[in-house]
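Coordinate analysis (summary)
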Amino acid sequence: MSGSRAEAEQKGGSRQRLQVNEYKENQNIADTSLRPVQTTVLGVTAKVCLVPFSLSNYNTGQLKRPKSLLEKNSNSEVTCKKSKKAEIKKSCRRLLTPKMEATSSKEESTLQKSSLDVHAESNKWQYKSPSDTVVLSPDTESSQEGDSDEDTTPGLSAARFREMIKKRQPPESKRKKPKKKENETGCRRSMRLLKVDPSGVPLPAAPIQTVLEVDENPLIPPGPLEMTPENQDDDNALFKGFLQTWAEMSKTRSKNTEKELSSIKSYKVHLNGMVISEDTVCKVTRGSISSMAIHPSEMRTLVAAGAKSGQVGLWDLTHQPKEDGVYLFQPHSQPVSCLYFSPANPAHLLSLSYDGTLRCGDFSRAVFEEVYRDETRSFSSFDFLTEDASTLIVGHWDGSMSLVDRRTPGTSCEKLIKTSLSKIRTVHVHPVQRQYLITAGLRDIHVYDARCLNLSRNQPLISLTEHTKSIASAYFSPLTGNRVVTTCADCKLRIFDSSCISSKIPLLTTIRHNTITGRWLTRFQAVWDPKQEDCIVVGSMAQPRRVEVFHETGKWVHSFLGGECLASVCSINAMHPTRYILAGGNSSGRVHVFMN
């Protein structure tokens, strides 16, 4: 019987421990605090006092269990809890009494130290006895929800303890400003800023000066300008000989004999024979080059360069040293965006500028004549509508165009035409069917019929809308006009079939080419080679620096490499109409010439 009874007690004990652990989990007792509060599992949480006290002073009747909880637990659980309550009291008395026996007259530092010791000991006790429960309340000032019993425990209350802690905290120290001495000498100040002389007498007020706004780029006065070089003397014999030579060279022009296109193989051979040297590289303008042209003479080589500063530079490559063959002029006040030698008289060099002027430099008369002027508008490009160069088409940056007739001097223009474009960058006339002209706008390219243009808003015959970014230029092929090449900021060169100008011009070829020149370099403009109209010439951003040639099918043809003689990007390039000569200009005013 005794053996069976022992086994029953062991089973009952294990059952009791299991039930107590389940109860603890259901209550979620997990809060910790630096101030221990002793309570029972089934009782109401007791108030906390931080003064010395003993559990013997408590009335066991105060720790009452709620009826609802008694109803939930069985009789065996209640019996287990009662047996454990006595053990909890003994443990708390053993742990708390030695640490908390002190009078209220002791210093608060002793109370704080004893509280920390109790917390450490209670944690240790709780770890050793997992079946016993000690609840550490996070709030010692207020009771749990639903507990309406008043605190009757004798000793120091929590509010009083908090007041004592506040009193012991040192007050916030404020920095006292030093008192200013009455007889203290102040810091020295400039008498000029005080506007007084050394004797202390106030200075008279300075007269108000009127500041006049000076235009950085004043317009050139209207009318003809003398062709006087800025980099040489007026009575320079070399310049006089230069003017006389080129006036005579323009009279002896080569005959316009139509030549058949060379094969790509023979064309490559000629390109391979074109070289560059130190003698064919020279600084022609002081600013970035924005336009170029080569004189059509077959006897001598003359290169013209237009700069962003409004300058026009001429370089005769037959002069040695080469600096003696460079002549610099200032016919404009803003960038020169377009340069052409007249097809009717190569002694005339026409230049167009952003400043709203179009001038003609006449070598025979040594003067820059004014062809067209409109100070209210900014010009972007021009071309000859007729072969005798008597009628011009001028594109404006605001999207309009002007028809200019040079045979009626004194009149500004014949017509001012409005287009559907918001901007016009380039305008180019068909070489055979001269009634057609192509304009490159901001994103679209339009083809117009000059015979149908009127003063109101004109609709184009054809619109090319394949471009996704800003367009730099659009040109017909120079001999037949059967092709159109465009340069776009989307890093593509496009070639269209314009052999039959109808409602649509189909796209033939797209060539991947880096056209992102950045802010400081002039934008690329792909142009046709006048001798080989199925090939285009364009600058390159590749290293080492070069100028590239592509076929209309998109195949690479040739790269002009110059080694140390070509160490920069040639954004603007021009080919001689009959000879194998290439001139490329960079953004520092330097011209590089490849020739055989």
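Predicted, not measured: the structure shown is a model, and the values here were computed from it.

1. Examining the environment of Gly 273
Along the polypeptide, Gly 273 turns up in the loop between α7 (264-272) and β2 (281-283). On the basis of relative accessibility, which here comes to 38%, the residue Gly 273 falls in the partly exposed class. Residues Gly 273 and Phe 594, 321 residues apart in the sequence, show an inter-C-alpha distance of 9.2 Å. The residues touching Gly 273, leaving out its near neighbours within four places in the chain, are Met 595 and Asn 596.

2. Digging into the pairing of strand β22 (residues 492-497)
With respect to burial, β22 is a largely interior element, 5 of its 6 residues being buried. Counting the residues that bridge the hairpin from strand β21 (residues 483-488) to β22 gives 3 residues, and of these Cys 491 lies at a positive phi of roughly 65°. The pairing of β22 with strand β23 (residues 507-512) spans 5 bridges and is classified as antiparallel. In the strand pairing of β23, Ile 495 is matched with Thr 509.

3. Some points on unusual backbone geometry
Note that the residue after Gln 543, namely Pro 544, is joined by a cis bond; omega there is -10°. Mapped onto the elements of the fold, Pro 544 is located in the loop between β25 (532-539) and β26 (546-551). In this structure, Ala 389 takes a positive phi of about 60° despite not being glycine. The backbone phi angle of Cys 491 is positive, close to 65°, even though this residue is not glycine. Secondary-structure assignment places Cys 491 in the loop between β21 and β22. For Cys 491, a relative accessible area of 18% translates into the label buried.

4. Focus on the pattern of salt bridges
Applying the stated criterion across every chain, the model contains 14 salt bridges. Among the salt bridges present, the one from Arg 365 reaches Glu 369, with a minimum N-O distance of 1.9 Å. Classification of Glu 369 as partly exposed rests on a relative accessible area of 24%. A salt bridge links Asp 529 to Lys 531, with the nearest nitrogen and oxygen atoms 2.9 Å apart. For Asp 529, a relative accessible area of 0% translates into the label buried. Linked by salt bridges that have partners in common, Arg 359, Glu 370, Arg 373 and Glu 375 make up one network.

5. A few points about the nonpolar core
Among the nonpolar cores identified, the biggest contains 31 residues, and Leu 271, Ile 536, Val 549, Phe 560 and Leu 582 are the most heavily contacted of them. When sequence neighbours within four positions are dropped, the list of residues in contact with Leu 271 reads Val 549, Val 557, His 558, Phe 560 and Tyr 580. Among the nonpolar cores identified, the runner-up in size contains 21 residues, and Leu 225, Ala 293, Val 336 and Leu 339 belong to it.

6. A few points about the sheet that holds strand β9 (residues 357-362)
If you trace the 5 strands from one edge of the open sheet to the other, you get β1-β10-β9-β8-β7, paired in antiparallel fashion. The sheet is open, and its two edges are formed by β1 (225-226) and β7 (336-341), each paired on a single side. Pairing geometry for β1 and strand β10 (residues 367-373), over 2 bridges, is antiparallel. Bridge pairing in β10 places Glu 226 opposite Val 367.

7. Quick look at the environment of Glu 278
Examined against the element boundaries, Glu 278 turns out to sit in the loop between α7 and β2. Not counting the four nearest positions on each side in its chain, Glu 278 is found in contact with Lys 322 and Cys 565.

8. A short note on the sheet that holds strand β12 (residues 391-396)
Taken in spatial order, the 5 strands line up as β11-β12-β13-β14-β18 in an open sheet, and their pairing is mixed. With partners counted over all chains shown, the strands left at the sheet margins are β11 (379-384) and β18 (457-458), one partner each. Of the pairings in the sheet, the one linking strand β14 (residues 415-419) to β18 comprises 2 bridges and is parallel in character. Looking across to β18, one finds that Thr 419 is bridged to Asn 458.

9. So, the packing of aromatic side chains
The final tally for this structure, using the stated rule, is 13 aromatic pairs. Here the aromatic rings of Phe 239 and Phe 242 are separated by 6.2 Å at their centres, their planes lie at 20°, and the arrangement is stacked. Taken together, the residues span about one helical turn, with Phe 239 and Phe 242 both in helix α6 (residues 237-251) at a distance of 3 residues. There is no split in this pair, since Phe 239 and Phe 242 are both buried. A ring pair is formed by Phe 329 and Phe 368, whose centres lie 5.6 Å apart and whose planes are at 65°; its orientation type is edge-to-face. Note that Phe 329 is positioned in strand β6 (residues 326-329) and Phe 368 in strand β10, a separation of 39 residues in sequence.

10. Structural notes on the pairing of β6
Alternating positions in β6 separate into two faces, Val 326 and Leu 328 on one and Tyr 327 and Phe 329 on the other, with burial throughout. In this sheet, β6 lies alongside strand β5 (residues 312-316) in antiparallel orientation, the contact comprising 4 bridges. Bridge pairing in β6 places Val 312 opposite Phe 329.

11. Notes on the confidence of the model for the chain
Overall, the prediction assigns the chain a mean pLDDT of 77, with 64% of residues at 70 or greater. Low pLDDT (under 50) marks residues 1-6, which in the prediction has 0 contacts with non-local residues, meaning those over four places away or in another chain. Ignoring residues within four places in sequence, the model shows residues 95-154, a span with pLDDT below 50, making 83 contacts including any to other chains.

What counts, and at which threshold
Residues numbered from 1 in each chain as written. Predicted model: local features only at pLDDT ≥ 70, side-chain atom pairs only at ≥ 80, totals over all residues. Heavy atoms only, no water. Helix = DSSP H or I, 4+ residues; strand = E, 2+ residues; numbered from the N terminus. Buried < 20%, exposed > 50% of the residue type's maximum accessible area, 1.4 Å probe, protein only. Contact = heavy atoms within 4.5 Å. Pairing = 2+ DSSP bridges. Salt bridge = Lys/Arg side-chain N within 4 Å of Asp/Glu carboxyl O. Core = buried A, V, L, I, M, F, W, Y, C linked by side-chain atoms within 4.5 Å. Phe/Tyr/Trp six-rings, centres within 6.5 Å; stacked < 30°, edge-to-face > 60°. pLDDT = per-residue confidence, 0-100.

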